[in-house]
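Okay, here's what each chain looks like letter by letter:
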Amino acid sequence: TSLSRRIHGQVMAGTTEDKKSDLVTPSTGGAYVFYIPEGKWQKHFSSLLFSADVPATVMEVSLVGTLTIVAAMFPNQVQAEKSMPLLELAVFMWLLSLLRRLYNSYLEAVFCSFPQYRTQPVKEHALKSAKDLTGRDMTQLENIVQQDRLTLLSQFVLDVSIYFLVPGYYPASQASYATMHMRVLTLVLNHYVMSLGMYWSHRALHVNPWLWRNIHSLHHWAKHPLSRTTYQDHWADNFANAIIGHFFAQILVPLDHDFFWISRIFRICESLEKHSGVSCWFNLAHSCQRWFPFAQMPHHHDWHHEGHKGCNYTFSSIGGLWDCVFGTRKTGRHPEMAETKEDRQMTDKDAKLTRKGMMMDHPYLCLSPVLAIGMMAAAKAYLLGV
C-alpha cells in the first residue's frame, strides 16, 4: 500500500430535521457529519480533498513533500538498484492519495443519490443516539482518528523502507515487455496470490481472540460501512495487509512497471467499493471483475460487517475465489441487478452446509497459511539475492 491508507472525516448518518438539533459535535473539531445532505446531487460530495483531520493532512503534505524535494534534488544519490526513480514513487504517492479522496467522494455521492442501490435497507441507517451512520459512537470515532494518523505514518515508513531495502520491488520501466496476454495473466495470478494471503490473515483476525479484540474489531465498529471506512482500522491491521498482501504477492509473482501501478489503482478502487454501501454498476472495479469465476460484488463484503464478527464469512478481497474454495461465502442482501451467478445458486443454508476447513478456525492454526506464504516469499527473495 501507498501513503495515506486511510480516509478521514465526515461519516454521515441518516436523520430527520427534528433530530438534527440533538446531534453532538465531535471533540475532534467537526470531523464527522451525521446526516445525509439534501438537495442536488452536487451537495452529496464529501470534503475529503482537504481531509477532515488537519494534523493528518499536515503530516501527509510534510512527509511526501520532503520526499519529493529530496528525490528531485538528489536523484542519483537516492536511486535504488533496479527500481523506478524515487521521484516517481513520490509523485505516485500524491496521485494515489488524490485518487482515494476523489473516488471516495464519487462513491459517497452514489450512496446519497441512489438509495435503491444501497446494500442495506434505508431504514437501517436511521440515526441512533450519538452514533454515526455506520454505527460508531463518539469514543470509537476519536480512537479511529488516532489510528488513521498512525496508519499514515507507518505506511509512509514502510513504503520508503521497502524502496531502499528491497531493490526492484518498485520495478523500473523497461524498453520492452512480454506479450500483453502474458502481462495480463501475470496480473491476474498476482491478484489471486495477494487475495490468498489476505484471505487467511483476515480469517485469522476473526478467529484468533486476541487479534480480534485488540486489532480487527476496530474496523468492525462500522456495522453499515461506507467507502470512507475502508482503511479506518488499527494501524497494525493496515500494516499487516500491506506486507501479507501487496509485498508477498509482488515478491512471488512480480509485476512489471506499468502493471504494478495498474494493480495499485485497481486495488484502491476495489477496496473503497466493497465498503461503499452500494452494489451496482456504479462500482467500476467490481463490474470489471464480475465476469471472473466466483466474483463478488460489494454486497458480499457488506454482509461481512453485519452482526458480531460478520458471522465469520466472506473474507476475500479481489474476486471471491477463496471464499468459495474454503466454503466461507455468503451472499448478503443486495439489489437484484448486482446479483452474481453464485448468488442465485446459494442460500444461507447452502453456505452453512458447504463451509469447509473448520479445523482451520483454530486460533493459531489459521495463521499457518500466512506463515507459509511468507516463507515462500522469503525463500524466493533469498534465492534471487534480494
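Residues numbered from 1 in each chain as written. Predicted model: local features only at pLDDT ≥ 70, side-chain atom pairs only at ≥ 80, totals over all residues. Heavy atoms only, no water.

1. Side note on the state of the cysteines
Under the defined criterion, the tally for this structure stands at 0 disulfides. Cysteine Cys288 shares no disulfide, and the gap to the nearest cysteine sulfur, in Cys269, comes to 9.4 Å. Owing to a relative accessible area of 55%, Cys288 belongs among the exposed residues under this scheme. (Disulfide = S-S within 2.5 Å. Buried < 20%, exposed > 50% of the residue type's maximum accessible area, 1.4 Å probe, protein only.)

2. Some details on unusual backbone geometry
In the Ramachandran plot, Lys82 falls in the positive-phi region, its phi being about 60 degrees despite a non-glycine side chain. Take Lys82: it is sitting in the loop between helix 2 (54–73) and helix 3 (86–113). Take Lys82: its relative accessible area is 62%, and that puts it in the exposed class. (Helix = DSSP H or I, 4+ residues; strand = E, 2+ residues; numbered from the N terminus.)

3. So, the side chain of Asn208
Positionally, Asn208 belongs in the loop between helix 5 (180–207) and helix 6 (209–214). Within the local environment of Asn208, its side chain forms a polar contact with the backbone oxygen of Pro363, the two atoms lying 2.8 Å apart. (Polar contact = N/O pair within 3.5 Å; in protein donor to acceptor, adjacent residues only side chain to side chain.)

4. Examining the environment of Gly277
The topology assignment puts Gly277 in the loop between helix 8 (257–274) and helix 9 (284–289). Given the relative accessible area of 5%, Gly277 is considered buried. Separated by 170 residues in sequence, Gly277 and Leu107 place their C-alpha atoms 8.7 Å apart. Contacts of Gly277, omitting those with residues within four sequence positions, involve Phe111, Tyr117, Arg118, Thr119, Pro225 and Asp302. (Contact = heavy atoms within 4.5 Å.)

5. Re the pattern of salt bridges
In the structure shown here, the tally under the stated rule is 6 salt bridges. The partner of Glu60 in a salt bridge is Arg101, with the nearest N and O atoms 2.6 Å apart. Taken together, the residues Glu60 in helix 2 and Arg101 in helix 3 connect sequence positions 41 residues apart. Take Glu60 and Arg101: they sit in the same class, and that class is buried. For Asp256, the salt bridge goes to Arg183, with nearest N and O atoms at 2.7 Å. Residue Asp256 is found in the loop between helix 7 (235–252) and helix 8, and its partner Arg183 is found in helix 5; the two are separated by 73 residues along the sequence. Here Asp256 falls in the buried class, since its relative accessible area comes to 14%. Residue classification places Arg183 among the buried positions, given a relative accessible area of 10%. One network of salt bridges, in which partners are shared, links Arg183, Asp256 and Asp258. (Salt bridge = Lys/Arg side-chain N within 4 Å of Asp/Glu carboxyl O.)

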